[in-house]
Amino acid sequence: MTDDQKVTLFENLVRVRELDEWFINALMTGKLALFYHSTQVQEAVGVGGCTFLEEGDCVYATHRGHGISKLIPRGVSIESIIAEHYGKLTGNSGGASGWHPVAPEKGFPMYTALIAENLGLACGTAMAAKLDGKRRVVVAFEGDSAAAKAEFHEAVNFAAANRLPLIVVIENNEMGQHTPLSTYLVNKDIAKFAPGYGIPGVIVDGQDVIAVHEAVQEAVRRARAGEGPSLIECKTYRLRGHSEGGPDVSMDQPRSKDEADKWLREKDPIKLFGAKLLAEEILTQADIDEIHQAAREEIEEAVKLAAEGPVIPSFEHLQSLLFAE
Ligand SMILES: Cc1ncc(C[n+]2csc(CCOP(=O)(O)OP(=O)(O)O)c2C)c(N)n1
Ligand SMILES: [Mg+2]
C-alpha cells in the first residue's frame, strides 16, 4: 500500500468520526429528527472494507452509523448524506430512504432495516454480478446479531452453493440492541460458521484498518476469480448505546462505563492508525490536526448546502419512485 493510500484511509476514518459526532450533536440540539446509531470506534470496519473497492462493486451497509463508514469511502458526499436525513431531493437517495444507506449511483442498490435480510438481497445482487461476467463483487455488512437469524445461514449457504462473488463482513461489536452476544450465540466466533458452509472464514481485528483492508481485498480477489464467497468477522466494540437519545441500559450489565472508556483510550482505530502514520513519518501531528479541521469544515459547508436543497415535492413523487417505468 502506498503512503497516499494510507493517508486516504486515515482521512476517511476522520471524516466518518467527525460526521458521527455531528449527528449526535444535531440530534441532541434538535437539528435532526428521529434517532442516530453511533459507529464510534467501529469506523475501521467500513473504511478498511470499502475504500479500495472498484466502481461497479456493490455494498450493503447497516443501520450502524446509518452506513457512513461505508458510504463516505465510496464517494457518497457528506452533503448528500445530511440532505438525505433532511428529506431533500439532493440526498443520496433523493431523500426517499432517510437514514437507510441507499445510494444507487455509488453502488448501494437497496436496503431493508430487518436484521440479516440484506444478505438475501445481496445474494441476488451477487448472482447478477456473476451472470454479467464483469468480475464485480458484492460486500454485505451485518452486525453480530445477524448470525442468530435464519436468513444469515440461508444466504451464506446459498452463496456458497452457487459460488457467488459475495463477501459477508460481520461487524461484531458484542451487542444486539440491549442484549449481549453471549445470550444469543454459543459460538461467539462467527467466522467459525464458515467451514460448515464450505467457505473461508477469518477473524480480523476490527480496530486495525489495514488488517480489515487486507482481509477484504483477499476475499475480493477470490470472488473476482470465481472462487466464491468468504465470511470475515471483524471484532470490534459498541462504544455508545444502541442509538442516541434513549436510555443506555447496556452500560449497566454486562458492560461498564470504565470498559467503554478503555476502548476509546486504547483501541480507538483513529488513534491507533494515527500513531502508526506518525511513527512511519507519513504524517505529522500538524497534518493530523489539519485533517480533522478539514473534515469539520467539509461538514459545516455540507450542512449549509443540504439545508438549502429542495424538499420532496409531493406524496405522488414518492409513489412514482416505487415502480420502474
Ligand atoms: C428482524 C429484526 N428484528 C429486530 C430488529 C430491531 N433491531 C434493530 S437493530 C437491532 C440490533 C442489531 O444488532 P447487531 O446486528 O449486532 O448490529 P449493531 O446494532 O450491534 O451494529 C435490532 C434487534 C430488526 N431491525 N430486525
Ligand atoms: Mg452488534
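Residues numbered from 1 in each chain as written. Chains lettered and ligands numbered in written order. Predicted model: local features only at pLDDT ≥ 70, side-chain atom pairs only at ≥ 80, totals over all residues.

Draft legend 1. Region of the structure containing the sheet that holds strand E2 (residues 138-143). Read across the open sheet, the 5 strands follow the order E1-E2-E3-E7-E6; overall the sheet is parallel. Lying at the two open borders of the sheet, with one neighbouring strand each, are strand E1 (58-60) and strand E6 (201-205). Mean inter-strand twist for the sheet, computed between neighbouring axes without regard to direction, equals 20 degrees. As paired elements, E2 and strand E3 (residues 166-172) share 6 bridges and run parallel to each other. Bridge pairing links Ala140 to Val168 in E3. (Pairing = 2+ DSSP bridges. Helix = DSSP H or I, 4+ residues; strand = E, 2+ residues; numbered from the N terminus. Axes fitted to C-alpha atoms, helices over the stretch in contact; angles between N-to-C directions.)

Draft legend 2. Region of interest: helix H10 (residues 285-308). An ideal rise of 1.5 Å per residue puts 34 Å on 24 residues; H10 measures up with 35 Å between its terminal C-alpha atoms. Where H10 is buried, its residues touch helix H1 (3-28) and helix H4 (78-85). (Expected span 1.5 Å × (residues − 1). Contact = placed C-beta atoms within 7 Å.)

Draft legend 3. Molecular detail of the environment of Ala146. Position of Ala146 among the secondary structure elements: in the loop between E2 and helix H6 (150-161). Owing to 27 C-beta atoms within 10 Å, Ala146 belongs among the buried residues under this scheme. Measuring from C-alpha to C-alpha, the distance between Ala146 and Leu114 comes to 9.4 Å, with 32 residues separating the pair along the chain. Sequence-distant contacts of Ala146, defined by excluding residues within four places in its chain, comprise Ile115, Ala116, Phe152 and Ile170. (Buried ≥ 20, exposed ≤ 12 C-beta atoms within 10 Å, placed from the backbone.)

Draft legend 4. Quick peek at the packing of H4 against H10. Where H4 contacts H10, the two axes come as close as 8 Å, and the packing angle between them is 45 degrees. It follows from the interaxial angle that H4 and H10 lie oblique. Both H4 and H10 take part in a crossing whose hand is right-handed. Here H4 contributes Ile78, Glu79, Ile82 and Ala83 to the contact with H10, which in turn contributes Glu298, Ile299, Ala302, Val303, Leu305 and Ala306. A breakdown of the residues in the contact of H4 with H10 according to their chemical character gives 8 nonpolar, no polar and 2 charged. (Parallel < 35°, antiparallel > 145°, perpendicular 65-115°, else oblique. Left-handed = near helix turned anticlockwise from the far one by under 90°. Nonpolar A, V, L, I, M, F, W, Y, C, P; charged D, E, K, R; others polar.)

Draft legend 5. Expanded view of the site of ligand 1. As a structural note, the neighbourhood of ligand 1 is formed by 16 residues, with Arg64, Ile115, Gly143, Ser145 and Gly176 the closest of them. Here the residues of the shell around ligand 1 are counted per class, giving 5 nonpolar, 8 polar and 3 charged. (Near = placed C-beta within 6 Å.)

Draft legend 6. Representation of the nonpolar core in the model. Core analysis: the largest hydrophobic core is formed by 76 residues, its most contacted members being Leu13, Val139, Leu166, Ile167 and Val169. Looking at this core element by element, the count peaks at 8 residues for H1. (Core = buried A, V, L, I, M, F, W, Y, C linked by C-beta atoms within 7 Å.)

Draft legend 7. Quick look at unusual backbone geometry. With a phi angle near 70 degrees, Leu34 is a residue other than glycine that sits in the positive phi range. Assignment of secondary structure puts Leu34 in the loop between H1 and helix H2 (43-50). Not every positive phi belongs to a glycine, and Val41 is a case in point at roughly 70 degrees. When you line up the elements, Val41 lands in the loop between H1 and H2.

Draft legend 8. The confidence of the model for the protein, seen in detail. Here the protein shows a mean pLDDT of 95. Residues at 70 or above account for 97%. Mean pLDDT across the elements of the protein bottoms out in strand E5 (residues 179-180) (91) and peaks in strand E7 (residues 230-235) (99). (pLDDT = per-residue confidence, 0-100.)

Draft legend 9. Summary view of the packing of H2 against helix H7 (residues 209-224). H7 packs onto H2 with a crossing angle of 45 degrees between their chain directions and a minimal axis gap of 7 Å. When the axis of H2 is compared with that of H7, the two are oblique. Considering how the two elements wind past one another, H2 and H7 form a crossing that is right-handed. Within the contact between the two elements, H2 uses Ala44, Val45, Val47, Gly48 and Gly49 and H7 uses Val209, Ile210, Val212, His213 and Val216. A per-class count over the contact of H2 with H7 returns 7 nonpolar, 3 polar and no charged.

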